[in-house]
Amino acid sequence: MVTVEQIHNGNGAPATPVKEEKEESKAVILAATQTSPIRAPALLTPSSPEILDFPKSLQRKVVTNEDRLAETAKMYRNIIVNIGEDPNRQGVLKTPERAAKAMMFFTKGYEENLSELLNGAVFDEDHDEMVIVKDIEMFSLCEHHLVPFMGKVHIGYLPNKKVLGLSKLARIVDMFSRRLQVQERLTKQIATAMVQAVQPTGVAVVIEASHMCMVMRGVQKINATTTTSCMLGVFRDDPKTREEFLNLIKK
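Residues numbered from 1 in each chain as written. Predicted model: local features only at pLDDT ≥ 70, side-chain atom pairs only at ≥ 80, totals over all residues. Heavy atoms only, no water.

Let me state the cut-off plainly: UniProt positions are given in the numbering used here, feature names are shortened, and annotations may be inferred rather than shown by experiment.
Under an unreviewed UniProt entry, the name given to the chain is GTP cyclohydrolase 1, and the organism recorded is Pristionchus fissidentatus. UniProt, in its Subunit (unreviewed entry) section for the chain, records the words "Toroid-shaped homodecamer, composed of two pentamers of five dimers." You can read under Catalytic activity (unreviewed entry) in the UniProt record for the chain the words "GTP + H2O = 7,8-dihydroneopterin 3'-triphosphate + formate + H(+)".

1. Looking at the environment of Arg185
This is how it is decided: The numbering of helices and of strands both runs from the N terminus, where a helix is a DSSP run of H or I of at least 4 residues and a strand a run of E of at least 2. Only protein chains enter the accessibility calculation, which uses a 1.4 Å probe; a residue is then buried when its area is under 20% of its type maximum, exposed when over 50%, and partly exposed in between. Throughout, a contact is declared for two residues whenever any of their heavy atoms are within 4.5 Å. Under the rule applied, a polar contact is a pair of N or O atoms within 3.5 Å (in protein, one hydrogen donor and one hydrogen acceptor; residues adjacent in sequence only if both atoms are side-chain atoms).
Position of Arg185 relative to the elements: it lies in helix 5 (residues 183–198). Arg185 sits in the partly exposed class, given a relative accessible area of 30%. Beyond its immediate sequence surroundings of up to four residues, Arg185 is in contact with Glu143 and Leu180. In this structure the side chain of Arg185 is engaged in a polar contact, spanning 2.6 Å, whose partner is the side chain of Glu143.

2. Digging into the side chain of Arg179
Inspection of the secondary structure puts Arg179 in the loop between helix 4 (166–177) and strand 7 (180–181). Overall, Arg179 belongs to the buried group, its relative accessible area being 4%. Side-chain polar atoms of Arg179 contact the backbone oxygen of Gly109, separated by 3.0 Å.

3. Some words on the confidence of the model for the chain
This is how the line gets drawn: A score from 0 to 100, pLDDT tells how confident the predictor is in each residue.
Scored by pLDDT, the chain has a mean of 84; 75% of the residues are at 70 or more. In this model, residues 15–41 is a region of pLDDT below 50 whose contacts with residues beyond four sequence positions or in other chains number 57 contacts.

4. So, the pattern of salt bridges
We apply this condition: The salt bridge criterion pairs a side-chain nitrogen of Lys or Arg with a carboxyl oxygen of Asp or Glu, the two atoms within 4 Å.
Enumeration over the complete set of coordinates arrives at five salt bridges. For the salt bridge of Lys108 with Glu112, the shortest nitrogen-to-oxygen distance reads 3.6 Å. Asp124 is the salt-bridge partner of Lys162, the closest N and O atoms lying 2.9 Å from each other. Here Lys162 is found in strand 6 (residues 162–164), whereas its partner Asp124 is found in strand 3 (residues 122–124), with 38 residues between them in sequence. For Asp124, a relative accessible area of 62% puts it in the exposed group.

5. Comments concerning the pairing of strand 5 (residues 148–158)
Note the threshold: Note on pairing: DSSP must find at least two bridges between two strands before they are called paired.
Of all 11 residues in strand 5, eight are buried, a share of seventy percent or more. When strand 4 (residues 131–142) meets strand 5, the two strands line up antiparallel, connected through nine bridges. By the bridge assignment for strand 5, Val133 is matched with Ile155. Counting the residues that bridge the hairpin from strand 4 to strand 5 gives five residues, and of these Leu146 lies at a positive phi of roughly 60°. In the sheet, strand 5 pairs with strand 8 (residues 202–211) via 10 bridges, with the strands oriented antiparallel. Along strand 8, the bridge assignment pairs Met150 with Ser210.

6. So, the nonpolar core
Inclusion rule: Nonpolar cores were defined as sets of buried Ala, Val, Leu, Ile, Met, Phe, Trp, Tyr and Cys residues, with membership established by side-chain atoms within 4.5 Å.
Residues Val153, Ile155, Tyr157, Leu164, Ile172 and Ile190 are the most contacted members of the largest nonpolar core, which totals 37 residues. Here the element with the most residues in this core is helix 5; it accounts for eight residues. Dropping the residues within four chain positions of it, Val153 is found in contact with Val133, Lys134, Asp135, Ile136, Met138, Val173, Ile190, Val205, Val206 and Ile207. Counting 11 residues, the second largest nonpolar core, distinct from the first, contains Met130, Ile132, Leu248 and Ile249.

7. Brief notes about the packing of helix 4 against helix 5
Defined as follows: Fitting a line to C-alpha atoms yields each axis, with helices limited to the stretch in contact; the angle taken between N-to-C directions then spans 0 to 180 degrees. Convention used here: angles under 35 degrees read as roughly parallel, angles over 145 as roughly antiparallel, angles from 65 to 115 as roughly perpendicular, and any remaining angle as oblique. A crossing counts as left-handed when the near helix is turned anticlockwise from the far one by less than a right angle, and as right-handed when that turn is clockwise.
Where helix 4 meets helix 5, the closest approach of the two axes is 10 Å, and the angle between their N-to-C directions is 140°. Relative to helix 5, the element helix 4 is oriented oblique. With respect to the hand of their crossing, helix 4 and helix 5 are arranged in right-handed fashion. Taking contact as the criterion, the partners of Leu169, Ile172, Val173, Phe176 and Ser177 in helix 4 are, on helix 5, Leu186, Gln189, Ile190, Ala193 and Met194.

Here it is in structure tokens:
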């Protein structure tokens, strides 16, 4: 599911949301006490494993590769020249090198894979109630314009005798968001990675984000937000379980 929302005030004009967001991360872990009437025991298996790991032939070397950084810096210097700026001016003299290092950090997810990221943090646990980590900050680059989109990720899953270390959910978000992305694919990749990690009976992922390609250019709608969701297993099949998750992430 994909929705785009723009906030308005009473006069119909765009308005800034009233609710203030805290600066600090507030990933909240919720364990639901209600039991949904239908909880299928069957394990989920990854439906699209090919989207999890970037092809090895295209994986880049680590960011310390001096040749790669130097080549990228040259490209940034060309950009500075082509927009009409003096590349030798003091303020931008070292900008190509700084920008190259920044880009390597923004896209460091290409150097990571799921198995190494999990690092054995999958634990046997007799728990089959909903686990939710919400409000995980996310920053990524739109693959169409190379400008940022940012927002929050909410992840829920129904364990099947196995649970995942809580910090790993945030690391999964980082691994896939630190690549050139579209929000729709990012949502599915996170959900599929959860399936591969712990084979739960259900996974739900919702992302709410603001895209700078809509804010800084084009239609320039500063209050527009995009919401995407991916529901797998019980969350897709059972409306009550899905509703429980959606209600919990709103609190």
